[in-house]
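Architecture and fold: a report
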Amino acid sequence: MPQPTIRTVAAHAGVSKSLVSLVLRGSSSVSDEKRTAVEDAIRELGYRPNLSARSLTQQRTHIVGVLLNDLRNPWFVDCLEGMNSVLQQHDLKMFLADGRLDRSSDESFVQSFMDLRLDGLALVGTRMPTPAIAEAAALLPTVVVASRDLDFPGVDVVANDDELGTRLAVEHLVAQGHRRIVHIGGIGAVADIRAQSYHDAMTAHGLKRYMRVEQGGMTEEAGYDAATRVLSTQPRPTAIHAVNDIVAIGAMTACQELGVTIPQDMSIVGYDNTSIAQLRHVWLTSVDNATAEVGRTAATALVERIANPDRPGSLTLLPPTIQVRGSTAPPA
């Protein structure tokens, strides 16, 4: 027999999922009649998260669960440092889980977070909305960090203004005289926003005929493969804007192997301004998306949601800047 979910509880009780969530959180805004109906449905169905959710209103663990997209990306480390600085001030500790090896493990991680009766949940980075994540977001005070893929009621989203950041990158290259600018894209809603902003910025500068989006991914290997395809075309572009720094590093490697000199023959701009971009032998021009500030803002939102779980969800976009280093120059 399948494990009952918040949906089956709602259907059995004849109420909405959000009302079941309110009952599980112990909200006083639910009528006695509907509260009784939900509690009866939970008992009759044997809904397992019931005890965990009820404990959230009765005691604190002072621990928040953090589900990451891919800890290999140094951006996440910088973001976690920002989050931790705020959480420590509020006597909160982090339990970390990295779902990169098997996306199906996301469901077991969030179930473990609920079973451990954690105070809150932070979903960091790109991930697809699954029933398990939706259910966890309904049961636990939740904040989504650096992602635009998840849109749940009563959940706060804190991210970088990716549209502005991409526009800054394109405008920097245009100001240096570049016209044939290629964008190496990625995966997920944030990557889609950056690709669309590249399209809009190129169009705004009258460069629509030079536009090219080369689909890649979010890894160094994807950047290498995409850049290799780009470099094999004629006329060859003079600049590449990558969806993130890791992809930009892959593009730089492709250039080096094919004898394309950076920045004399090819300018490259990354995104995220990670610690890798700041290494002297890399010295990558990159969009700084206020990584630590994103983490601090997200942690503050999570603390406030733990204190007031019934308030409406919010979207906060932090403004980026561009850090110019040695990977960009006027075209030869």
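This text follows the structure it describes.
Residues numbered from 1 in each chain as written. Predicted model: local features only at pLDDT ≥ 70, side-chain atom pairs only at ≥ 80, totals over all residues. Heavy atoms only, no water.

**With respect to the overall build of the chain**
Along the backbone of the chain there are 12 helices and 12 strands. Each of the three principal axes of the chain carries a C-alpha extent, and together these read 75 × 40 × 35 Å. The buried share of the chain, taken over its 332 residues, is 52%. Distance between charge centres in the chain, computed from 30 positive and 37 negative side chains, equals 2 Å. (Helix = DSSP H or I, 4+ residues; strand = E, 2+ residues; numbered from the N terminus. Buried < 20%, exposed > 50% of the residue type's maximum accessible area, 1.4 Å probe, protein only. Lys, Arg positive; Asp, Glu negative; His and termini not counted. Charge placed at Lys NZ, Arg CZ, Asp CG, Glu CD.)

**Some thoughts on the sheet that holds strand β9 (residues 267-271)**
On the basis of which strands lie adjacent, the open sheet formed by six strands has the order β7-β6-β8-β9-β10-β12 and mixed pairing. This sheet does not close on itself; its edge strands, each paired only once, are β7 (212-214) and β12 (321-323). Strand-to-strand twist in this sheet, taken as the mean axis angle between neighbours without regard to direction, amounts to 25°. Helix α10 (residues 220-231) contacts β6 (181-184), β7 and β8 (239-242) of the sheet and is inclined by roughly 140° relative to β7. Against the sheet, helix α11 (residues 245-257) touches β6, β8, β9 and β10 (285-288), its axis set at about 160° to β9. (Pairing = 2+ DSSP bridges. Axes fitted to C-alpha atoms, helices over the stretch in contact; angles between N-to-C directions. Contact = heavy atoms within 4.5 Å.)

**Section: the environment of Thr61**
Along the chain, Thr61 falls in the loop between α4 (49-58) and β1 (63-68). With a relative accessible area of 25%, Thr61 lands in the partly exposed category. Distance from Thr61 to Asp200, taken between C-alpha atoms, is 47 Å for residues 139 residues apart in sequence. If sequence neighbours within four positions are ignored, Thr61 has contacts with Leu116, Arg117, Leu118 and Asp119. There is a polar contact of 3.2 Å between the side chain of Thr61 and the backbone oxygen of Arg117. (Polar contact = N/O pair within 3.5 Å; in protein donor to acceptor, adjacent residues only side chain to side chain.)

**What to know about the packing of aromatic side chains**
Throughout the structure, instances matching the rule amount to one aromatic pair. Measuring from centroid to centroid gives 5.4 Å for Trp75 and Phe76, while their planes differ by 90°, and the two rings are edge-to-face. For Trp75, a relative accessible area of 4% puts it in the buried group. Sitting over the face of the ring of Tyr271, Arg194 holds its NZ or CZ atom 3.6 Å from the ring centroid. The ring of Trp283 has Arg280 lying over it, and the distance from NZ or CZ to the ring centre is 4.2 Å. (Phe/Tyr/Trp six-rings, centres within 6.5 Å; stacked < 30°, edge-to-face > 60°. Lys NZ or Arg CZ within 6 Å of the ring centre and 35° of its normal.)

**Structural notes on helix α1 (residues 6-13)**
Within α1 the residues assigned to the buried category are Ile6, Val9, Ala10 and Ala13. On an axial view of α1, the arc spanned by its buried residues comes to 100°, and they lie on one face. (Arc of directions from axis to C-beta.)

**A few points about the nonpolar core**
A general feature of soluble globular proteins is that nonpolar side chains tend to end up buried together. Val9, Val20, Leu24, Val38, Tyr47, Phe113 and Leu123 are the most contacted members of the largest nonpolar core, which has 35 residues in total. In terms of residue count, helix α7 (residues 131-139) provides more of this core than any other element does, six residues in total. For this core, the domains that each give at least three residues are domain 1 (6-49) and domain 2 (63-160 + 291-319). In this structure, Met83, Leu92, Val124 and Val158 belong to the second largest nonpolar core, which totals 25 residues. (Core = buried A, V, L, I, M, F, W, Y, C linked by side-chain atoms within 4.5 Å. Domains from an automatic or database assignment.)

**What to know about the pairing of β6**
Regular strands show a simple pattern: their side chains alternate between the two faces of the sheet. Of the two faces of β6, both are covered, the one formed by Ile181 and His183 as well as the one formed by Val182 and Ile184. By the bridge criterion, four bridges tie β6 to β8 in an arrangement that is parallel. Along β8, the bridge assignment pairs Val182 with Ile240. With three bridges joining them, β6 and β7 adopt parallel strand pairing. Within β7, the position partnered with Val182 by the bridge is Arg212. Handedness of the crossover joining β6 and β7 through helix α9 (residues 189-204) is recorded here as right-handed. (Right-handed = clockwise from strand over helix to strand, strands pointing away.)

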